[in-house]
Amino acid sequence: MRTVARHWADFQYEIYLNGMAGAVPRLPTDLTRLEELAEQRLGPGPVGYVAGSAGSGSTARANRSALERRRIVPRVLRDVHERDLSVEVLGRALPAPLALAPVGVLSIMHPDAECAAARAAAGQGVPFVLSSASSTPMEQVAEAMGDAERWFQLYWPRDPEVARSFLNRAEAAGFGVLVVTLDTPLLAWRPRDLDQAYLPFLHGVGTANYFSDPAFRAGLAKPVHEDPNAAVTHFVGMFADPSKTWPDLAFLREHWDGPIVLKGVLHPDDARRAVEAGMDGVVVSNHGGRQVAGSVAAADALPGVVEAVGDRLTVLFDSGVRTGDDIFKALALGARAVLVGRPYVYGLGLDGRPGVEHVIRCLLAELDLTLALSGHATPGTIGPADLTEGPG
C-alpha cells in the first residue's frame with residue numbers, strides 16, 4: 001500500500017510567503033550550520049556529547065568526506081512534474097526514505113526530550129526510532145505518538161531477563177521494528193566527553209527505560225528512588241555485553257515477532273551473516289564516528305554491503321547525513337532509506353518540537369528538489385550511475 005504523495009518541495013514557497021509578512025525561519029535552512037549554532041547557545045557538556053566523536057574525530061570527518069566526494073550527475077529533459085518520494089521499507093509504507101535515528105539522553109538537549117522529537121516525526125509521517133537509552137520511558141513516547149510509525153532500538157543488555165522485558169514492553173507499546181545496535185559493546189574513547197568528565201548515565205539520565213523496568217528493578221535491593229546510586233551501578237554493569245556473538249541472535253528472533261534490523265554493519269561478510277541469521281535488514285553505520293576512530297567511512301562501506309546482500313536484506317544507512325543531497329547519494333549507493341541523527345538533535349536543542357519539524361521538512365524539501373533537478377521523479381530510479389567521484 002502506497003502513501004499519498006506529499007509535495008515536500010513546497011516548504012520553500014511556504015517560507016517565501018511567510019517572508020511577505022516579515023517572518024523568516026527561526027533556524028537556518030542550511031542544516032550544516034546547526035552544530036555551530038548549538039555550540040553557541042547550549043551547554044558544552046550536552047553539545048559535546050552529541051557532537052563529539054571517537055578519538056580525534058577522524059571517522060566523523062571521513063563520513064562527511066565520503067559523501068562530499070561523491071558528486072551528483074544531473075540529467076535533463078525528463079518529466080519530473082509529479083514526484084513521489086514514498087517508499088516501502090520493511091513492509092511499511094513511508095512518505096519518504098527517511099527516519100529519525102535512535103539518539104539517547106535527549107533531555108540533555110531539551111526538557112521535552114524524546115516526546116518532542118517523536119511528535120515531530122509523527123506529524124511529518126516519518127518513523128521515530130527510540131533509543132533504549134532514552135530519557136523517557138518507551139510507553140510514554142508511544143502515547144505521545146498515537147498510532148504513528150515507531151521503531152525500538154535495543155542496546156542489548158547483559159541480563160537476558162531485562163532484554164526479554166524490553167522486547168515485550170516495546171511490542172506491547174506498538175513499536176513495529178527492532179533495531180539492534182551492535183557497534184557499542186563498549187563505550188569508545190571520546191575526548192570531548194572525557195575532557196568535561198561528562199557522562200549523563202552516571203547521573204541517572206538516559207536510564208528511564210531501565211529504571212521503569214520490572215526485570216531491572218527486580219535486581220535491586222531497594223527501589224530506585226531510595227538508592228539511585230545503586231540503580232546507576234546496576235545499570236552500568238548490565239548496559240552492554242561484549243561477549244555476544246552471532247548465535248545469540250536466535251534469542252532476539254525468539255522474543256520479537258516483527259522485523260529485526262542490525263545497526264552498525266560495515267563489512268560485507270557481516271551483512272551475509274545477518275542474512276544467514278534470518279535478520280530482515282542492516283543499517284550501514286559507524287555510529288556517526290562515535291565508536292571506532294580511524295574507521296571506514298559509512299558511505300564507502302555502503303556499496304560493498306549492498307552488493308553482498310542484494311535484495312535479501314533491507315539496507316538502511318546512517319552516519320554523516322546532513323543534507324537532502326546526502327540522502328540522494330545514500331539512496332544512489334543502494335540504501336533503501338536513511339536515518340538522520342545529529343541534525344534533528346540540534347534542532348531539538350535549539351527550538352524543541354518545531355526545531356525537529358524544521359529539520360525534517362528542510363531535509364525532505366531539499367531531497368525532493370535534488371531528485372527533480374537531477375532528472376528523477378521517484379527515489380526508485382536513482383542508482384550508482386547518477387554519481388561520480390571527485391576530490392573529497
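The chain is annotated in an unreviewed UniProt entry as Oxidoreductase of Streptomyces djakartensis. UniProt's Cofactor (unreviewed entry) comment on the chain is quoted here verbatim: "FMN". Under the Sequence similarities (unreviewed entry) heading, UniProt states for the chain: "Belongs to the FMN-dependent alpha-hydroxy acid dehydrogenase family."

(A) Layout of the overall build of the chain. Across its full length, the chain carries 16 helices and twelve strands. Computed over its C-alpha atoms, the radius of gyration of the chain comes to 20 Å, within 12% of the 21 Å expected for a compact globule of 392 residues. Principal-axis analysis of the C-alpha atoms gives the chain an extent of 70 × 50 × 40 Å. Burial analysis of the chain (392 residues in total) assigns 56% to the buried set. A separation threshold of at least 6 residues defines the contact pool for the chain, and within that pool the share at least 24 residues apart is 75%. Carbon and sulfur atoms form 53% of the exposed surface of the chain, whose accessible area is close to 16,400 Å². Side-chain charges of the chain comprise 36 positive and 46 negative groups, with the mean position of each set lying 2 Å from the other.

(B) Structural detail: the pattern of salt bridges. Overall, the coordinates contain 21 salt bridges when judged by the stated rule. Notably, a salt bridge pairs R70 with D300, separated by 2.9 Å at the nearest N-O pair. On the criterion of sequence distance, the pair formed by R70 in strand β1 (residues 70–72) and D300 in helix α14 (residues 298–309) is long-range, its members being 230 residues apart. With relative accessibility at 32%, the residue D300 sits in the partly exposed group.

(C) Just the nonpolar core, in detail. Counting residues in each nonpolar core, the largest one holds 112 residues, and the members touching the most others are F128, F152, F175, L252, L262, F317 and Y344. If sequence neighbours within four positions are ignored, Y344 has contacts with L100, A101, V103, L106, A117, F128, V356 and V359. Judged by nonpolar contacts, the second largest core, of 15 residues, contains V89, V177, L316 and A337.

(D) Quick look at the environment of V89. With respect to the helices and strands, V89 occurs in strand β2 (residues 87–89). Its relative accessible area of 0% is what places V89 among the buried residues. Sequence-wise, V89 and P28 are 61 residues apart; in three dimensions their C-alpha atoms are separated by 30 Å. Setting aside its immediate chain neighbours within four residues, V89 contacts L94, W151, T314, L316, R336 and A337.

(E) Representation of the side chain of N286. Locating N286 in the fold gives a position in the loop between β9 (281–284) and α14. If near-sequence neighbours (up to four positions away) are discounted, N286 is found in contact with T59, N63, D183, L266, Q291, S295, V296, A297, A298 and S319.

(F) Structural detail: the layout of surface pockets. Here the largest pocket defines a volume of roughly 550 Å³. Forming the boundary of the largest pocket are 27 residues, of which T181, L182, D183, T184 and P185 lie nearest the centre. With three residues, strand β8 (residues 260–265) is the single largest residue contributor to the lining of the largest pocket. Along the lines of polarity and charge, the residues of the lining of the largest pocket split into 13 nonpolar, ten polar and four charged.

(G) Layout of the packing of helix α2 (residues 34–41) against helix α16 (residues 342–373). Where α2 meets α16, the closest approach of the two axes is 9 Å, and the angle between their N-to-C directions is 105°. Considering their axes alone, α2 and α16 lie roughly perpendicular with respect to each other. The segment α2 lies against α16, with L34, E35, L37, A38 and R41 engaging P343, Y346, G347, L350 and V359. Classifying every residue of the contact of α2 with α16 by side-chain character gives seven nonpolar, one polar and two charged.

(H) Highlighting the pairing of strand β7 (residues 177–181). A large share of β7 lies buried, amounting to five of its five residues. Of the pairings in the sheet, the one linking strand β6 (residues 150–155) to β7 comprises five bridges and is parallel in character. Pairing of W151 across the sheet is with V177, part of β7. Considered for its hand, the β-α-β crossover made up of β6, helix α7 (residues 160–172) and β7 is right-handed. Across four bridges, the pairing between β7 and β8 is parallel. By the bridge assignment, L178 is partnered in β8 with I260.

(I) Spotlight on the side chain of K329. Secondary-structure assignment places K329 in helix α15 (residues 324–332). Taking relative accessible area as the criterion, K329 reaches 3% and is therefore assigned buried. In contact with K329, not counting residues within four places along its chain, are L67, E68, R70, R71, I72 and L387.

(J) Looking closely at helix α11 (residues 228–238). When α11 is considered as a whole, its buried residues turn out to be A231, V232, F235 and M238. The arc enclosing the buried residues of α11, seen along the axis, measures out at 135°, which places them on a common side. Along α11, exposed side chains directed more than 90 degrees from the buried face belong to N229 and T233. Against the buried residues of α11 lie α7, α9 (208–211) and α10 (214–217).

Criteria and thresholds
- Residues numbered from 1 in each chain as written.
- Predicted model: local features only at pLDDT ≥ 70, side-chain atom pairs only at ≥ 80, totals over all residues.
- Heavy atoms only, no water.
- UniProt positions renumbered as here; feature names shortened; annotations may be inferred.
- Helix = DSSP H or I, 4+ residues; strand = E, 2+ residues; numbered from the N terminus.
- Rg over C-alpha atoms; globule rule 2.2 N^0.38 Å.
- Buried < 20%, exposed > 50% of the residue type's maximum accessible area, 1.4 Å probe, protein only.
- Contact = heavy atoms within 4.5 Å.
- Areas by Shrake-Rupley, 256 points an atom, 1.4 Å probe, with all protein chains shown as cover.
- Lys, Arg positive; Asp, Glu negative; His and termini not counted.
- Charge placed at Lys NZ, Arg CZ, Asp CG, Glu CD.
- Salt bridge = Lys/Arg side-chain N within 4 Å of Asp/Glu carboxyl O.
- Core = buried A, V, L, I, M, F, W, Y, C linked by side-chain atoms within 4.5 Å.
- 1 Å grid on protein atoms, 1.4 Å probe; cavity = no way out; pocket = protein on both sides within 12 Å on 5 of 7 lines; lining within 4 Å.
- Points joined across faces, edges and corners; volume = space filled by probe spheres on them.
- Nonpolar A, V, L, I, M, F, W, Y, C, P; charged D, E, K, R; others polar.
- Axes fitted to C-alpha atoms, helices over the stretch in contact; angles between N-to-C directions.
- Parallel < 35°, antiparallel > 145°, perpendicular 65-115°, else oblique.
- Pairing = 2+ DSSP bridges.
- Right-handed = clockwise from strand over helix to strand, strands pointing away.
- Arc of directions from axis to C-beta.

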